[in-house]
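Next come the chains, spelled out residue by residue.
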Amino acid sequence: MFAGLPELGISNGEDLKETLTNCTEPLKAIDQFQTENGILLPTLQSALPFLDLHGTPRLEFHQSVFDELRDKLMERVAVIAEGKDADRYSKLEELLEKSFPLVKMPSIQPVVMQVMKHLPKVPEKKLKQVMADKELYKVCAVEVKRQIWQDNQALFGDEVSPLLKQYIVEKEAALFSSELSVLHSFFSPSPKMRRQGEVVLRLTQMIGKSVKLYDMVLQFLRTLFLRTRNVHYCTLRAELLMSLHDLDVSEICSVDPCHKFTWCLDACIREKFVDAKRARELQGFLDGVKKGQEQVLGDLSMILCDPFASNTLVLSTVRNLQELLGQDALPRDSPDLLLLLRMLCLGQGAWDMIDSQVFKEPRLDLEVVTRFLPAMMSVVVDDYTFTVEQRLPTEEKSSLTYPTALPEAYTKFLQENRVACEMGLYYVLHITKQRNKNALQRLLPALAETHNDMALGDIFLHLFTGHLTLLSDDFGTEEFCNAVFDGFLLTSFSSKENVHRHILRLLLHLHHKVLPSRLETLLKALEPPKQSSEPVRELYAQLAEKLDAQKKSPAPAPEAPSLDLGLHPVSVPPAGPGAAPL
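Here the residue numbering is sequential within each chain, running from 1 through the sequence in written order. The predicted origin of the model limits local features to residues at a pLDDT of at least 70 and limits the giving and counting of side-chain atom pairs to 80 or more, whereas totals for whole chains, interfaces and linings rest on all residues. Derived side-chain values reflect all non-hydrogen atoms in the structure, with water molecules and hydrogen atoms excluded from consideration.

Quick look at the overall build of the protein
Stated formally: A run of H or I in DSSP counts as a helix once it spans at least four residues, and a run of E counts as a strand once it spans at least two, with each numbered from the N terminus. The globule rule is 2.2 Å times the number of residues to the power 0.38, and the radius of gyration it is compared with is taken over C-alpha atoms. Burial classes follow relative accessibility: with a 1.4 Å probe on protein chains only, a residue under 20% of its type's maximum area counts as buried, one over 50% as exposed, and anything between as partly exposed. Working rule for contacts: check all heavy atoms of both residues, and any pair within 4.5 Å makes them a contact. Working definition of accessibility: Shrake-Rupley area with a 1.4 Å probe, residue cover restricted to the visible protein chains. We treat Lys and Arg as the positive residues and Asp and Glu as the negative residues; His and chain ends play no part in the count. Charge positions come from single atoms, namely NZ of Lys, CZ of Arg, CG of Asp or CD of Glu.
For the protein, the helix and strand inventory stands at 31 helices and zero strands. Here the C-alpha atoms of the protein give a radius of gyration of 34 Å, more than 25% beyond the 25 Å that 2.2 N^0.38 yields for 582 residues. Counting only C-alpha atoms, the protein reaches 125 × 70 × 40 Å along its principal axes. In the protein, buried positions account for 45% of the 582 residues. Considering only residue pairs separated by 6 or more positions, the protein has 72% of its internal contacts joining residues 24 or more positions apart. Looking at the protein as shown, the accessible area adds up to about 30800 Å², and 55% of this sits on carbon and sulfur atoms. With 65 positive and 78 negative side-chain charges, the protein shows a separation of 2 Å between the mean positions of the two kinds.

Observations concerning the pattern of salt bridges
To keep things clear, this is the line we draw: Here a salt bridge means any side-chain nitrogen of Lys or Arg lying within 4 Å of a carboxyl oxygen belonging to Asp or Glu.
The full count for this structure, using the stated rule, is 29 salt bridges. Close ionic contact of R195 with D246 constitutes a salt bridge, the shortest N to O distance being 2.7 Å. Taken together, the residues span a long stretch of sequence, with R195 in the loop between α12 (191-194) and α13 (198-207) and D246 in helix α15 (residues 232-246) at a distance of 51 residues. Under the relative-accessibility criterion, R195 is labelled buried at 4%. Here K209 and E251 are joined by a salt bridge, their closest N and O atoms 3.9 Å apart. Here K209 is found in the loop between α13 and α14 (211-228), whereas its partner E251 is found in helix α16 (residues 250-253), with 42 residues between them in sequence. One connected set of salt bridges, linked through shared partners, spans K192, R195, D246 and D266.

Regarding α15
So the rule is basically this: Here the expected span of a helix is defined as 1.5 Å times the quantity of residues minus one.
For α15, which comprises 15 residues, the first-to-last C-alpha distance of 21 Å matches the rise-based estimate of 21 Å (1.5 Å per residue) to within 8%. α15 sits mainly inside the fold: 14 of its 15 residues count as buried. Count one or two residues on from α15 and you reach D248, which has phi positive near 60°.

Re the side chain of Q114
Positionally, Q114 belongs in helix α7 (residues 109-117). Q114 sits in the buried class, given a relative accessible area of 15%. Sequence-distant contacts of Q114, that is, excluding residues within four places in its chain, are made with M74, V77 and A78.

Observations regarding the packing of helix α8 (residues 124-132) against helix α10 (residues 142-150)
Put simply, the rule reads: Angles run from 0 to 180 degrees between N-to-C directions of axes, and those axes are lines fitted to C-alpha atoms, restricted for helices to the stretch in contact. These descriptions rest on fixed angle ranges, namely under 35 degrees for roughly parallel, over 145 for roughly antiparallel, 65 to 115 for roughly perpendicular, and the rest for oblique. Under the grouping applied here, Gly and all other residues not named as nonpolar or charged are polar, the nonpolar ones being Ala, Val, Leu, Ile, Met, Phe, Trp, Tyr, Cys and Pro and the charged ones Asp, Glu, Lys and Arg.
Interaxial distance between α8 and α10 falls to 10 Å at its minimum, and their mutual angle equals 100°. On the basis of the axis angle, α8 is roughly perpendicular to α10. Touching L127, V130 and M131 of α8 are V144, Q147 and I148, all from α10. Of the residues that constitute the contact of α8 with α10, the class distribution is five nonpolar, one polar and no charged.

Observations regarding the environment of A350
Secondary-structure assignment places A350 in helix α22 (residues 350-356). Take A350: its relative accessible area is 0%, and that puts it in the buried class. Separated by 49 residues in sequence, A350 and S301 have C-alpha atoms that sit 4.8 Å apart. With residues up to four places along the chain from it excluded, the contact list for A350 reads F225, S301, M302 and C305.

A word on the confidence of the model for the protein
The following threshold applies: A score from 0 to 100, pLDDT tells how confident the predictor is in each residue.
Put simply, the protein has an average pLDDT of 87, and 90% of its residues get 70 or more. Contacts for the low-pLDDT stretch residues 561-582, under 50 throughout, to residues beyond four places or in other chains number 38 contacts.

Observations concerning the environment of L175
Mapped onto the secondary structure, L175 falls in helix α11 (residues 153-175). Using a relative accessible area of 2% as the deciding quantity, one classes L175 as buried. Apart from residues lying up to four places away in sequence, L175 is in contact with F186, H232, D458, I459, H462, H502 and R505.

Section: the packing of aromatic side chains
Here is the rule: Two rings belonging to Phe, Tyr or Trp (six-membered ring only in the last case) form a pair when the distance between their centres is within 6.5 Å. Interplanar angles under 30 degrees mark stacking, angles over 60 mark edge-to-face geometry, and anything in between is tilted. For a lysine, the NZ atom is tested; for an arginine, the CZ atom; a charge sits over a ring if that atom is within 6 Å of the ring centre and within 35 degrees of the ring normal.
Taken as a whole and judged by the stated rule, the model has 14 aromatic pairs. A ring pair is formed by F475 and F485, whose centres lie 5.9 Å apart and whose planes are at 55°; its orientation type is tilted. In this pair, F475 sits in the loop between α27 (458-468) and α28 (478-486) while F485 sits in helix α28, placing the two residues ten residues apart along the sequence. Here the two residues F475 and F485 agree in accessibility, since each one is buried. What links up through ring pairs into an aromatic cluster is the set W149, F156 and F220. Over the ring of F100 we find K126; its NZ or CZ atom is 5.4 Å from the centre of that ring. Sitting above the plane of the W351 ring, R229 keeps its charged end 3.5 Å from the centroid.

As for the side chain of S310
Turning to its location among the elements, S310 is positioned in helix α20 (residues 307-326). Exposure remark for S310: the relative accessible area of 13% places this residue in the buried category. The residues touching S310, leaving out its near neighbours within four places in the chain, are L304, C305 and L344.

A closer look at unusual backbone geometry
Even without being glycine, D248 reaches a positive phi, approximately 60°. Looking at where D248 falls in the secondary structure, it is placed in the loop between α15 and α16. On the accessibility criterion, D248 (64% relative accessible area) is exposed. One non-glycine residue, N452, lies in positive phi territory at about 50°.

What to know about the nonpolar core
How we decide: For the purposes of this section, nonpolar cores are sets of buried Ala, Val, Leu, Ile, Met, Phe, Trp, Tyr and Cys residues that join through side-chain atoms within 4.5 Å.
Core analysis: the biggest nonpolar cluster contains 164 residues, and F372, F460, F475 and F488 have the highest contact counts within it. Those residues in contact with F475 that sit more than four places away from it in its chain are L468, F480, C481, V484, F485, L506, L510, K513, V514 and L515.

Observations concerning α8
Note the threshold: Note that the arc is computed from the directions linking the helix axis to the C-beta atoms.
Every buried residue of α8 is accounted for by K126, L127 and V130. On an axial view of α8, the arc spanned by its buried residues comes to 100°, and they lie on one face. Those residues of α8 that are exposed and aimed more than 90 degrees away from the buried face are K125, K128 and A132. Where α8 is buried, its residues meet α6 (88-99), α7, α9 (134-139) and α10.

Focus on a nonpolar patch on the surface
How we decide: Patches in this entry comprise residues that are over 30% relatively accessible and not in a salt bridge; like charges within 9 Å are linked, as are nonpolar side chains (Val, Leu, Ile, Met, Phe, Trp, Tyr) within 5 Å.
A cluster of nonpolar side chains, namely L20, L27 and I30, defines an oily patch on the protein surface of about 280 Å² accessible area. With respect to the helices and strands, I30 occurs in helix α2 (residues 26-37). On the accessibility criterion, I30 (34% relative accessible area) is partly exposed.

Considerations on the packing of α14 against α15
Selection rule: Put simply, a crossing is left-handed when the front helix is turned counterclockwise from the back one by less than a right angle, and right-handed when it is turned clockwise.
Running from N to C, α14 and α15 cross one another at 165°; their axes reach a closest spacing of 9 Å. Taken together, the axes of α14 and α15 lie roughly antiparallel to each other. The element α14 and its partner α15 pack so that their crossing is left-handed. Residues Y214, V217, L218, L221, L224, F225 and T228 of α14 form the contact with α15, whose participating residues are Y233, C234, L236, R237, L240, L241 and L244. Here the contact of α14 with α15 is built from residues that sort into twelve nonpolar, one polar and one charged.

Here it is as structure tokens:
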């Protein structure tokens with residue numbers, strides 16, 4: 001406990017033991033030991049007997065004086081470090097040299113750690129001693145650990161790895177949240193709010209102002225993204241940069257070539273829309289990538305691969321298409337639309353670019369613009385024509401029925417092209433949010449087979465199940481249940497456990513709205529096989545329990561009106577067919 005005292009010429013317990021062993025008069029020896037090793041203040045000697053009279057142990061007195069002096073010294077260290085003296089760091093180094101032998105002594109350790117914390121460069125020898133001792137490493141300040149991590153990537157990786165795992169677990173948990181709602185979805189939190197998450201704050205603190213540590217974290221994220229294809233690593237890459245931006249860490253922001261692009265995109269994500277002014281700024285950054293700096297495209301593609309960025313880009317594309325319909329214009333005539341598609345394409349090519357190390361913008365298939373988007377717009381026009389037809393007086397109505405088939409180009413591109421598929425999925429979300437049951441039933445069969453099974457991804461299914469709550473009453477019809485379950489969700493749940501989980505989440509929320517006969521069939525079909533994971537078994541057990549309770553209850557209580565009612569804008573059809581909403 002008192003290791004290091006002899007090095008400083010201070011007696012310890014062993015010295016006292018030796019003195020008492022070799023002396024002839026123990027009381028005199030103790031008295032002399034106390035005088036030599038007590039507080040060296042002449043005026044104190046006469047005062048100490050008064051403490052004895054009051055029954056205050058000498059240890060208690062010395063301990064209180066020691067604590068007071070230690071606190072004062074620690075305050076003084078902070079004052080020196082924050083001062084402007086040219087020799088302030090040499091003073092601290094001198095103090096460290098004197099105190100470091102006592103670093104293992106619990107009462108002195110805080111002082112040593114305080115001195116090290118304020119030294120911009122702790123002597124290498126001391127850092128190695130701290131690194132070699134697990135207990136010391138554990139208690140030293142993050143400022144000291146940063147200096148250790150700079151030259152020890154493996155140790156830094158060990159510290160960062162649990163945080164990265166925690167981040168992914170949190171993101172995936174949010175996608176499987178028990179709450180289903182259009183108002184509170186995965187994309188609801190603002191960028192600023194997301195950056196207040198524990199992992200982002202801790203990583204930001206660990207990096208401090210160190211460009212080297214920042215680069216290490218980015219390398220970890222690239223490696224993990226390559227290994228897993230998990231797009232949440234792309235989100236963290238953007239969040240981390242913007243967190244450092246919030247703290248005004250210019251040492252890092254000024255050297256990250258993606259900083260201004262990410263900052264501009266962050267503002268778009270906050271507004272959930274890319275306006276014309278910001279679109280021009282983003283285009284300027286993309287066009288400004290100089291020859292010899294193409295590697296920047298790898299990081300830009302990761303930032304655009306962030307689901308929050310893709311969400312904003314596709315929502316902006318849908319809005320852009322609405323405007324084009326109103327103007328009777330073609331998709332190829334809109335530079336803003338072409339830029340949005342270019343950025344979507346770059347984001348979706350992130351994995352391939354980083355994997356191949358060929359830093360070149362992927363080419364957008366022009367047929368997406370010339371064939372797929374017109375096909376999608378024709379679906380919108382069909383829907384609008386039918387809606388207008390239904391509102392005509394009876395005598396003016398024709399025998400028009402709602403179209404069921406889809407243009408061949410539409411389904412073909414959903415299966416073969418990633419950008420087209422992303423837009424097709426968001427169009428499904430759009431019409432679901434509009435509570436357009438006819439259009440949804442027409443489009444759902446096309447989702448049974450999509451590019452890379454994108455329709456079966458967690459992000460889409462999370463949003464889709466949330467949007468379906470707006471059509472809850474329609475689950476009382478056989479036709480709608482057939483379209484949603486048989487036509488789409490049940491086509492792949494047995495081979496994809498995530499789909500199984502999303503169906504169970506949906507039924508937990510809407511079971512009381514589904515036809516009882518259909519519910520019974522679904523419950524049998526969705527029974528988890530033996531190899532199912534715990535979350536699936538747990539969700540199924542919850543659903544079975546709810547249905548059991550529902551059967552036993554004598555009469556269902558009248559349902560409170562949905563909070564969703566009135567909170568969503570109701571589309572009023574414009575005067576001309578050209579201005580139809582998507």
